[in-house]
Amino acid sequence: MNRVYVCNCFGVTEDQVKKHADGGACTPRQIASACKAGTDCGSCVRRIQALLGRGSCPRRELVEQGRPVLTADPSALVDLPDAA
């Protein structure tokens, strides 16, 4: 098994980043929240961006609305009150 590490600081592989992306993580910040990748030296952030692609996030609309996106069950998403 050949593991390609994206984040050496926390031992995060490409497969792990892709798994989090499939689970709804659309940005490097969301990947960081899921597995810490990119939160230490930061040298992996560009590679994470490349793995995520540009504009291909299926949940981009939720991100733009400030709604939670990291859930395996879409029915678990709740409406957030509008900011006053």
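Residues numbered from 1 in each chain as written. Predicted model: local features only at pLDDT ≥ 70, side-chain atom pairs only at ≥ 80, totals over all residues. Heavy atoms only, no water.

Undergrad: What is the right way to look at the overall build of the protein in this model?
TA: Summing up its helical and strand segments, the protein has four helices and two strands in all. Reading the helices (α) and strands (β) of the protein from amino to carboxyl end gives β-β-α-α-α-α. Taken over 84 residues, the protein has a buried fraction of 27%. Considering only contacts in the protein between residues 6 or more positions apart, those separated by 24 or more positions represent 47%. By element, 47% of the accessible surface of the protein is carried by carbon and sulfur atoms, the whole surface being about 6,000 Å². (Helix = DSSP H or I, 4+ residues; strand = E, 2+ residues; numbered from the N terminus. Buried < 20%, exposed > 50% of the residue type's maximum accessible area, 1.4 Å probe, protein only. Contact = heavy atoms within 4.5 Å. Areas by Shrake-Rupley, 256 points an atom, 1.4 Å probe, with all protein chains shown as cover.)

Undergrad: How should I be thinking about unusual backbone geometry in this particular structure?
TA: One non-glycine residue, Lys36, lies in positive phi territory at about 75 degrees. Summarising the element assignment, Lys36 is placed in the loop between helix H2 (28–35) and helix H3 (45–52).

Undergrad: Honestly, the nonpolar core in this entry has me stumped. Any pointers?
TA: As a rule of thumb, nonpolar side chains are buried together in soluble globular proteins. Counting residues in hydrophobic clusters, the biggest one holds 11 residues: Val6, Cys7, Val12, Val17, Ala25, Ile31, Cys35, Ala37, Cys44, Ile48 and Leu52. Those elements giving two or more residues to this core turn out to be strand E1 (5–7), H2 and H3. Setting aside anything within four residues of it in sequence, one finds Ala37 in contact with Cys7, Val12, Ile31, Ala32, Cys44 and Ile48. (Core = buried A, V, L, I, M, F, W, Y, C linked by side-chain atoms within 4.5 Å.)

Undergrad: What is the right way to read the confidence of the model for the protein from this model?
TA: When pLDDT drops low, the exact placement of atoms in the prediction is not to be read closely. Predicted confidence across the protein gives a mean pLDDT of 79, with 64% of residues reaching 70 or more. Segment residues 74–80 is flagged for pLDDT under 50; beyond a separation of four residues in sequence, or across chains, it makes 10 contacts in the model. (pLDDT = per-residue confidence, 0-100.)

Undergrad: Is there a simple way to explain the pattern of salt bridges in this structure?
TA: Oppositely charged side chains can form a pair if their charged atoms are brought close together. Counted by the stated rule, this structure contains one salt bridge. Between Glu14 and Arg47 there is a salt bridge, and its shortest N-O distance comes to 2.4 Å. Of the two residues, Glu14 is situated in helix H1 (residues 14–22) and Arg47 in helix H3; the sequence distance between them amounts to 33 residues. In this structure Glu14 comes out as buried when scored by relative accessible area, which is 15%. Under the relative-accessibility criterion, Arg47 is labelled partly exposed at 38%. (Salt bridge = Lys/Arg side-chain N within 4 Å of Asp/Glu carboxyl O.)

Undergrad: Teacher, can you tell me more about the packing of H1 against H2 here?
TA: The description of two helices packed together rests on the angle between their axes and the distance between the axes. Closest axis-to-axis distance for the H1/H2 pair is 10 Å, and the angle between their directions is 110 degrees. Looking at the two axes, H1 sits roughly perpendicular to H2. Between H1 and H2, the contacting residues are Val17, His20 and Ala21 on the first element and Ile31, Ala34 and Cys35 on the second. For the contact of H1 with H2, the residue count by class is five nonpolar, one polar and no charged. (Axes fitted to C-alpha atoms, helices over the stretch in contact; angles between N-to-C directions. Parallel < 35°, antiparallel > 145°, perpendicular 65-115°, else oblique. Nonpolar A, V, L, I, M, F, W, Y, C, P; charged D, E, K, R; others polar.)

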